[in-house]
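Here are the chains, one letter per residue:
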Amino acid sequence: MQPGGGAIRVLNVAEKPSVAKAVAEILSRGSMQSRAGRSQYNRVFEFNYAINGRACRMLVTSVTGHLMELEFEDRFRRWHSCDPADLFHAPVRKSVPQDKQAIKQTLEEEARRCQWLVLWLDCDREGENIAYEVIEVCTGANSHLNIYRARFSALIAREIHESMQHLGRPNKLFADAVDARQEIDLRIGASFTRFQTMLLKDAFVIDVTGDDRNLVLSYGPCQFPTLGFIVERFWEIQAHEPEEFWTINCTHTSDEGTASFGWIRGHLFDYPSALILYEMCVQEPMATVQNVRNQQKLKYPPYPLSTVELQKRASRYFRMSSERTMKVAEELYQAGFISYPRTETDNFSPNTDLHAIVREQVEHPVWGAYADRLLSPEERLWRNPSNGGHDDKAHPPIHPTKFSRGENNWSPDHTRLYELVVRHFLACCSQPAVGAETTVEIDIAGEQFNASGRVVLAKNYLDVYRFDSWGGTLLPTYNIGQQFVPTTLTLDSGVTRPPPLLAEADLLSCMDKAGIGTDATMHDHIKKLLDRCYATKDENTRFSPTNLGEALVMGYDEMGYELWKPYLRSMMEADMKSVSIGTKSKSEVLESCLQQMKACFLDARVNKAKLLDAMGTFFARSSRPINETQNPTEVVRPCAACRESEMVLKQRQTGGFMVGCRGYPQCRNVVWLPGSISEASVTNQVCPICTPGPVYKIQFKFRRRDIPPNFDADHLGCVGGCDDILKELMEISRFGSHSHTATPARGQTPNGVRQGAPRQDLHTNFRPAGQLNNENPSVMHSQGFRSTHTQNPSNASDAGQVLCTSCGEPCINRIANTEANRGRKFYKCQDPGCGFFKWEDELDNATPRGRRGRGSSRQAPASASAGRRGGSQARGRRGRGRNADGGMFVSATGDPVSGCCFTCGDPSHFANACPNRR
């Protein structure tokens, strides 16, 4: 009771709306009130109830599966936003998605007015994880909630009331295990999916969905080993070479019937040897009975029904897919007809009232008579179910929880699956079938043959479990020492046959034994293979890999990695189990697993040529035009600066293009491309000259008005340094502007004075930083500042000579090409170690700026200030190679660029970290 004697307000949260309604109906005995929540699908039910004698006002609502989603932060979510390898350590967040905000609001509003929170989520690891998502939302609104966990296995009154009176606490270890699995699957799946999709999709014609441009070549840590089972069986079949063999068969017919005797040797592959033995038998055909064995045989009923066994048997008996089986089973559970269908347990607790469950089936018109016999002591048919050896400590085996002769809204699949659950339960509570088996061994000319026969003495469980059969043939009577001449004695030939394609039941067995997925997720992994066109399934539920599925497995197999084998995932699943029982921490498992898989990923990327070769075995190379045949990853070349990442083509928000390192901001290697480019795309053509490679060529489209008429607007170029045409176009873009009223000859000023150094000396962005010197001061910098041409010192007086205030040497005149100050002239000292800088239009009314401070430039107009910010920062990054934060600044080749702070001249820092900056 609460202070003041009021009833405790209890917020109950179920996993699905149908479960919430069922729980509310059972606890309220039908006398509940219903009102809408913030979500139209998740109503709130209210009624009074007593928990261990305490008066409670119950509010029951629901979520719809997981309330939260784990995802990368926004800057990593776009496919080309980062190196896929970065996804192994990129920050992730777990939050409520937009489409579930209404459910969150309902929980917050109801939690604020309640004292208790009771969680009715499914009693498995996944349900426990959802429970902690609900806890996070509700405690965020009310941190004083008393939190309980209801544990139940069936939506029947007995279970629900008992669970309500024996509330427990949620298990954080179970939730941590799911969190670990979700993060591992997200990181591994996203990185490998992006890698193989961007590598292969546009390189080959892969028309498996009808829209190959939107094709996603997904990779999943469970999905791929599942595909591996299918491909491995397919390869076994392909590698099988039929081999002819020979065997001797013998029959004997008497008044009691015919017996067929098989050769003890089985068969021989050597025909002459088989023929000699056969002729010996023909020459001395008298058969002598060597031994007669009569023994009782038992055929035991199946173990109690687990999830995997349910899927396997439904596939085998009804050819029902595992996905369909789980969907129907879930619907039967939510309607209260069977127990929770996701369980690994295959033995019943001694406390389970099995007789009560059988008693509910006595009235059924088909198997009711057998249920009645099972309960009769005179029949001696009852036998406690065998222990299968598995117990997930959460749910009992699947069993019927409510009697039904068949519901009007049931499909044939519902009827069949309910029948299977009931018959299976009755069978596992029954005595085994009893049979008498006779084996007769005979000798003909020294060769041994035998025949077996069986007669069923008591069918027992076979009377109800129609899915099993135990037949046999009845042998004539034989006695030891008896002799007879065989009716037939033949030498027959045959050929060895390959194993069959993997059936769904067999595939589930492989996954179960290898620990791939859980009982609740195996069917999802199989479905994804079909959805992704990695495999097909025929009418007999047998799987074959598609060309795409086989090519992917072949590519990774050629690399020497067994990513398609179950071993890695088996170890992961074992680690998840360790987290759930507390022997390993979540962080420990995440670190070890992701470290291992990142190493595999990096190696796979290095050996990607083998994946390309495997795809080339099955698919034609893409025949799209060059400007459409883009390098899927937009990768231009390996980064020569950090040697860890790749240089990629990017388009800035301003519309300009650049080639920058994916390792930014740790690595700032960049090539700024000219503003005259309107379009650019990386192709699959590799430059045969430039190193380190591969260096992919880029298809450029220049704006016609920005380049001379003798150049083509479309150009397939290389930024590695070998492309003279691209160099000229870049030089033109840096020197001139189409807005000039007159266009002088390249390299000449209007008055005929040649400016700047020779052309080959102007393109230092293609040269190592070690080649940059005072004679080559023109450099393309990493922040968009492009210096252009050098004023000839001999003509400095003609242009109005400006002297450096620090060293007294004549300054050089340049034209800025930043977006904010394009075309604006400035002066700077020729000595790279000197920081003097001044805009030309500020010379008349401001003191020149040198090492001693910023001078009157602080009062410059806003546009000038903006220009100084752009220009000064770019110049400052020509420092000694590292900024105050330790980040390295490099040229386009990846080599450090020398320089110093332009404010105070100190080479140990840049201007943005200068202590004298005001």
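The structure presented is a predicted model; accordingly, all values stated were derived computationally and were not measured.

Chemist: Outline the overall build of the protein chain, listing residues and values.
Modeler: When helices and strands are tallied, the protein chain shows 20 helices and 28 strands. Residue burial in the protein chain is summarised as follows: out of 918 residues, 52% are buried. Across the protein chain, contacts joining residues at least 24 apart in sequence account for 69% of those joining residues at least 6 apart. Within the structure as shown, the protein chain displays about 41800 Å² of accessible surface, and the carbon and sulfur contribution to it stands at 47%.

Chemist: Quick one: what's the story with the packing of aromatic side chains, residue by residue and with numbers?
Modeler: This model, assessed by the stated rule, comprises 29 aromatic pairs. Judged by centre distance (5.6 Å) and plane angle (75°), the ring pair of Phe-195 and Phe-601 falls under edge-to-face. Of this pair, Phe-195 sits in helix H5 (residues 172-200) while Phe-601 sits in helix H17 (residues 586-606), and the two are 406 residues apart along the sequence. Looking at Phe-601, the relative accessible area reads 0%, which means it is buried. Taking the centre distance of 6.2 Å and the plane angle of 80° together, the rings of Phe-337 and Tyr-418 count as edge-to-face.

Chemist: Any details on the nonpolar core? Residues and values, ideally.
Modeler: Core analysis: the largest hydrophobic core is formed by 68 residues, its most contacted members being Leu-27, Met-58, Trp-120, Phe-425 and Leu-426. At 9 residues, the largest contribution of residues to this core is made by helix H12 (residues 412-428). If sequence neighbours within four positions are ignored, Leu-27 has contacts with Phe-47, Tyr-49, Met-58, Trp-120, Ile-160, His-161 and Met-164. Of all hydrophobic cores here, the second largest spans 60 residues; its members include Phe-204, Ala-551, Leu-594 and Leu-611.

Chemist: Tell me about unusual backbone geometry, and name the residues and values.
Modeler: A positive phi is found at Asn-52, a non-glycine position, where the angle reads about 50°. With respect to the secondary-structure elements, Asn-52 resides in the loop between strand E3 (44-51) and strand E4 (54-62). At Asn-460, a residue that is not glycine, the phi angle is positive and equals roughly 50°. The topology assignment puts Asn-460 in the loop between strand E13 (447-458) and strand E14 (483-484).

Chemist: Describe in detail the packing of helix H2 (residues 101-112) against helix H3 (residues 125-141), supporting the description with residues and values.
Modeler: Put simply, H2 and H3 touch, their axes get as near as 8 Å, and they point 50° apart. Considering their axes alone, H2 and H3 lie oblique with respect to each other. Of the two elements, H2 crosses H3, and the hand of that crossing is right-handed. Touching Lys-104, Leu-107, Glu-108, Ala-111 and Arg-112 of H2 are Val-134, Val-137, Cys-138 and Ala-141, all from H3.

Chemist: Before we move on, could you go through a negative patch on the surface and cite the residues and values that matter?
Modeler: Together, Asp-557, Glu-558, Glu-562 and Asp-613 make up a region of like negative charge exposed at the surface. Among the secondary structure elements, Asp-613 is positioned in helix H18 (residues 608-618).

Chemist: Help me get a handle on the sheet that holds strand E11 (residues 287-299), residues and values and all.
Modeler: Here 7 strands make up an open sheet; going across it, the order is E14-E11-E12-E13-E10-E9-E15 and the pairing antiparallel. In the strand order of this sheet, the two ends are held by E14 and strand E15 (488-495), each with one partner. Of the strands in this sheet, strand E9 (244-254), strand E10 (257-263), strand E12 (433-444), E13 and E15 are in contact with helix H7 (residues 271-283), which crosses E15 at around 170°.

Chemist: Give me the pattern of salt bridges: which residues, what numbers.
Modeler: If you walk through the whole model with that rule in mind, you get 44 salt bridges. The salt bridge involving Lys-94 is made with Glu-133; its shortest N-O contact spans 3.1 Å. Of this pair, Lys-94 sits in strand E6 (residues 92-95) while Glu-133 is found in helix H3, placing the two residues 39 residues apart along the sequence. The partly exposed category is assigned to Lys-94, whose relative accessible area is 26%. One salt bridge connects Asp-463 with Arg-373, and the closest N-O pair in it is separated by 3.6 Å. You can see Asp-463 sitting in the loop between E13 and E14 and its partner Arg-373 sitting in helix H11 (residues 368-375), a full 90 residues away along the chain. Residue Asp-463 is classed as partly exposed on the basis of its relative accessible area, which comes to 40%. Here the salt bridges do not stand alone but share partners, grouping Glu-15, Lys-16, Asp-122, Glu-330 and Arg-342 into one network.

Chemist: Could you give an account of helix H16 (residues 567-581), with specific residues and numbers?
Modeler: In an α-helix there are 3.6 residues to a turn, and that puts residues three or four apart on one side. With 15 residues, H16 should reach 21 Å at 1.5 Å per residue; the first-to-last C-alpha distance of 21 Å fits that figure. Within the span of H16, buried status applies to Leu-568, Arg-569, Met-572, Glu-573, Asp-575, Met-576, Ser-578, Val-579 and Ser-580. On its buried face, H16 sits against H3, H5, helix H6 (223-239) and H17. At the exit of H16 stands Gly-582, carrying a positive phi of roughly 90°.

Chemist: Tell me about a nonpolar patch on the surface, and name the residues and values.
Modeler: Taken together, Val-455, Leu-457 and Leu-474 make up a surface patch of nonpolar side chains, about 300 Å² in accessible area. With respect to the secondary-structure elements, Leu-457 resides in strand E13.

Chemist: Give a description of the sheet that holds strand E26 (residues 811-815) that names residues and reports values.
Modeler: Each strand in a sheet pairs with its neighbour through backbone hydrogen bonds, running either in the same direction (parallel) or in the opposite one (antiparallel). Reading across the sheet, the 3 strands line up as E26-E27-E28 and stay open at both edges, with antiparallel pairing between neighbours. Two strands in the sheet have a free side with no partner beyond their single neighbour: E26 and strand E28 (837-839). Sheet twist, expressed as the mean angle between neighbouring strand axes with direction ignored, is 25°. One ladder, built from 3 bridges, connects strand E27 (residues 825-829) with E28; its direction is antiparallel. The partner of Tyr-827 across the bridge, within E28, is Lys-838.

Chemist: Give a detailed account of the packing of helix H15 (residues 547-559) against H18, specifying residues and quantitative values.
Modeler: Contact geometry for H15 and H18: axes closest at 8 Å, N-to-C directions at 145°. The element H15 and its partner H18 pack so that their crossing is right-handed. Where H15 approaches H18, its residues Asn-547, Leu-548, Glu-550, Ala-551, Leu-552, Met-554, Gly-555, Tyr-556, Glu-558 and Met-559 are matched on the opposing element by Lys-608, Lys-610, Leu-611, Ala-614, Met-615 and Phe-618. When grouped by side-chain class, the residues that make up the contact of H15 with H18 number 10 nonpolar, 2 polar and 4 charged.

Chemist: Explain the environment of Gly-168 to me, and be specific about the residues and the numbers.
Modeler: Along the chain, Gly-168 falls in the loop between helix H4 (157-165) and H5. For the pair formed by Gly-168 and Arg-149, sequence separation is 19 residues and the distance between their alpha carbons is 4.9 Å. Residues contacting Gly-168, with those up to four places away along its chain left out, are Tyr-148 and Arg-149.

Chemist: Any chance you could break down the side chain of Ser-28 for me, citing the residues and the numbers?
Modeler: Tracing the sequence through the fold places Ser-28 in helix H1 (residues 17-28). Using a relative accessible area of 6% as the deciding quantity, one classes Ser-28 as buried.

Chemist: Any details on the confidence of the model for the protein chain? Residues and values, ideally.
Modeler: Averaged over all residues, the pLDDT of the protein chain equals 81, while 80% of them reach at least 70. Below a pLDDT of 50 lies the segment residues 624-633, which in the model reaches 35 contacts outside its immediate sequence neighbourhood of four places, other chains included. Here residues 736-799 is a poorly scored stretch, pLDDT under 50, and it has 120 contacts once near neighbours within four places are set aside; other chains count.

Chemist: So what's going on with helix H14 (residues 522-531)? Residues and values would help.
Modeler: Where H14 is concerned, the buried positions are Met-522, His-523, His-525, Ile-526 and Leu-529. Along the axis of H14, the buried residues cluster in a sector spanning 165°; they form a single face. Tucked inside the fold, the buried residues of H14 contact H6, helix H8 (307-318), helix H9 (322-334), helix H13 (504-514), strand E17 (535-537) and strand E18 (542-545). Following H14 by one or two positions, Cys-533 has its phi on the positive side, about 60°.

Chemist: Summarise the state of the cysteines; cite the residues concerned and give the values.
Modeler: Applying the stated rule across the entire model yields 0 disulfides. Free cysteine Cys-250: the closest other cysteine sulfur is in Cys-281, separated by 8.6 Å. Take Cys-428: it sits in no disulfide, and the sulfur closest to it among the cysteines is that of Cys-429, at 4.3 Å. According to the relative accessible area criterion, Cys-428 is buried, its value standing at 1%.

Chemist: Now, about the environment of Met-32: what can you tell me, with residues and values included?
Modeler: Along the polypeptide, Met-32 turns up in the loop between H1 and strand E2 (33-35). As a C-alpha pair, Met-32 and Phe-45 span 13 residues in sequence and 6.3 Å in three-dimensional space. Filtering out sequence-adjacent residues up to four positions away, Met-32 remains in contact with Lys-21, Ala-24, Glu-25, Phe-45, Glu-46 and Phe-47.

Reading the values: rules and limits
Residues numbered from 1 in each chain as written. Predicted model: local features only at pLDDT ≥ 70, side-chain atom pairs only at ≥ 80, totals over all residues. Heavy atoms only, no water. Helix = DSSP H or I, 4+ residues; strand = E, 2+ residues; numbered from the N terminus. Buried < 20%, exposed > 50% of the residue type's maximum accessible area, 1.4 Å probe, protein only. Contact = heavy atoms within 4.5 Å. Areas by Shrake-Rupley, 256 points an atom, 1.4 Å probe, with all protein chains shown as cover. Phe/Tyr/Trp six-rings, centres within 6.5 Å; stacked < 30°, edge-to-face > 60°. Core = buried A, V, L, I, M, F, W, Y, C linked by side-chain atoms within 4.5 Å. Axes fitted to C-alpha atoms, helices over the stretch in contact; angles between N-to-C directions. Parallel < 35°, antiparallel > 145°, perpendicular 65-115°, else oblique. Left-handed = near helix turned anticlockwise from the far one by under 90°. Patch = residues over 30% accessible without salt bridge, like charges linked within 9 Å, V, L, I, M, F, W, Y side chains within 5 Å. Salt bridge = Lys/Arg side-chain N within 4 Å of Asp/Glu carboxyl O. Lys, Arg positive; Asp, Glu negative; His and termini not counted. Charge placed at Lys NZ, Arg CZ, Asp CG, Glu CD. Pairing = 2+ DSSP bridges. Expected span 1.5 Å × (residues − 1). Nonpolar A, V, L, I, M, F, W, Y, C, P; charged D, E, K, R; others polar. pLDDT = per-residue confidence, 0-100. Arc of directions from axis to C-beta. Disulfide = S-S within 2.5 Å.

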